[in-house]
Amino acid sequence: MNTTTADQADLSDAPHREASQGSASNAGAGDQNAAPREAILAHRGSWVTDGRLIDLPYDIETGHRPFPSATPRSLATLRNVSTAAHAPFTLPARQIHVVHLIGAMGVVLGDSIVGLTALHWLRRTHPPLELVLYRPASAPDYVEQLYRLAHTVRIGEIRQLPWPVASIAKDELVVDLGNIAYWPSFATMPMIDFFLRAIGVDPSLVPASDKANRWLTGLTLPKLPAPWADRPYVLFSPEASTPIRQIPASMHAAWIDRLWDAHGLPVLGFAPIDHPRYIDIRGLSPDTATFLSWIRGARALVTADSAAVHAAAGFDVPTTAVFTTIDPVLRVRDYPRCHAVDLRIRALQGMHTSDAPEHAALVEQAWRDADFDAMPVPAISDALTPL
């Protein structure tokens, strides 16, 4: 794999859509017989192709599947399919022996960590219930690595889309979680509650302690390289999947100085930062398992709205996380050791992604206007996590 851990830390929220949507619209311009491209890509759920294959808008968007010549049939129209994108439902977990989860649980790392938390609770609460997860064919490999790691905690069988509809028995329940970035509730509910409702579980039935991604502690992860396996350090992870959610470069040195002044520990991170107190560990983190090991071993973390904040909660790492586009409650409500900084920018509220220079400028201005000294520095954990 060529993707660095910095990339893994970045991809924690909804996938990039704006550029690809624009190019898709232009590609269909002037073709009177072309299927409505935006409607196909923004569909709240999955499709059934002419060949009776279950397909995802994401795989069509990324070019892994050909663009259909006509609007496909919505998977939700099949009798044995439920989807909370169209109507709430309750999963009859005690009455069924298997459930097929289409598109579960998203296409980026942070969403997948949280979504798998919901499935881990379901699997542990209903041991006889078998889960079958159908994954996008074009999801990044570092995301798929998380699903392969999840086999050690028996989440369920993994299948890659597209998949023949006929191979799923008509009396077996199918739950469609396709294209979650386009579900309105994805941006208005706490993420873990969103995923629980998406699989037909009432979030109030799940204790807050089971919503903090603690299933990550059951993974088999590699030992860190010397000397970091037994040497304390703190992490600074400013990157995010989009400029509007990351900590701008103009603030990197200030954060590193604050962490050093507060704790006197080496500051490590997954970004190329030139600072005497900072160590770039991208070259020491070749895969998702090692990325999680670095998070697990940290005494404290400062990060943006990224996958790192969700991983840190799973390992009980004290964290400060800064949010610029969404209410922090919707992301970190159930993370007791996370101090959220609400730096929301009105013009960017609810925006998943943007590379527009004017939006990046708004983020820079928000940081210049913020009371930086009032932002909390996370207290270090009491002891090194055994590695």
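Located above this text is the structure these notes cover.
In this report, the structure presented in the accompanying data block is examined. The shown structure was predicted, so the numbers you read here are calculated from the model rather than taken from an experiment. (Residues numbered from 1 in each chain as written. Predicted model: local features only at pLDDT ≥ 70, side-chain atom pairs only at ≥ 80, totals over all residues. Heavy atoms only, no water.)

Turning to the sheet that holds strand β6 (residues 130-135), a few remarks are in order. Pairing is parallel across the open sheet formed by five strands, whose spatial order is β4-β9-β5-β6-β7. Either end of the sheet is taken by a strand with one partner, and the two such strands are β4 (81-82) and β7 (157-160). Inspection of the sheet shows β4 paired to strand β9 (residues 173-176) by two bridges, in the parallel sense. When the bridges of β9 are listed, Val81 appears paired with Val174. Packing of helix α5 (residues 109-125) onto the sheet brings it into contact with β5 (98-102) and β6, and relative to β6 it is tilted by some 160°. (Pairing = 2+ DSSP bridges. Helix = DSSP H or I, 4+ residues; strand = E, 2+ residues; numbered from the N terminus. Contact = heavy atoms within 4.5 Å. Axes fitted to C-alpha atoms, helices over the stretch in contact; angles between N-to-C directions.)

Our focus in this paragraph is the sheet that holds strand β11 (residues 267-269). As summarised here, the arrangement of the six strands in space is β12-β11-β10-β13-β14-β15, forming an open sheet in which the pairing is parallel. Two strands in the sheet have a free side with no partner beyond their single neighbour: β12 (278-280) and β15 (338-342). Looking at each pair of strands side by side, their axes are set apart by 20° on average, direction ignored.

As a further point, take the nonpolar core. Of all hydrophobic cores here, the largest spans 78 residues; its most connected members are Leu101 and Leu116. Top contributing element to this core by residue count: α5, with eight residues. Look past the residues within four positions of Leu116 in its chain and what remains in contact with it is Met105, Leu133, Leu146, Tyr147, Ala150, Ile155 and Trp215. Of all hydrophobic cores here, the second largest spans 28 residues; its members include Trp255, Leu348, Met351 and Val363. (Core = buried A, V, L, I, M, F, W, Y, C linked by side-chain atoms within 4.5 Å. Buried < 20%, exposed > 50% of the residue type's maximum accessible area, 1.4 Å probe, protein only.)

When its volume is computed, the largest pocket comes out at roughly 340 Å³. Forming the boundary of the largest pocket are 21 residues, of which Phe89, Thr90, Gly200, Val201 and Asp202 lie nearest the centre. At the level of elements, α5 and α7 (191-198) are the ones that each hand at least two residues to the lining of the largest pocket. Looking at the lining of the largest pocket residue by residue, the class counts come to 14 nonpolar, five polar and two charged. Here the second largest pocket is characterised by a volume of approximately 240 Å³. Lining the second largest pocket are 15 residues, and of these Arg52, Leu78, Asn80, Val165 and Lys170 sit closest to its centre. When its residues are assigned to classes, the lining of the second largest pocket shows nine nonpolar, two polar and four charged. (1 Å grid on protein atoms, 1.4 Å probe; cavity = no way out; pocket = protein on both sides within 12 Å on 5 of 7 lines; lining within 4 Å. Points joined across faces, edges and corners; volume = space filled by probe spheres on them. Nonpolar A, V, L, I, M, F, W, Y, C, P; charged D, E, K, R; others polar.)

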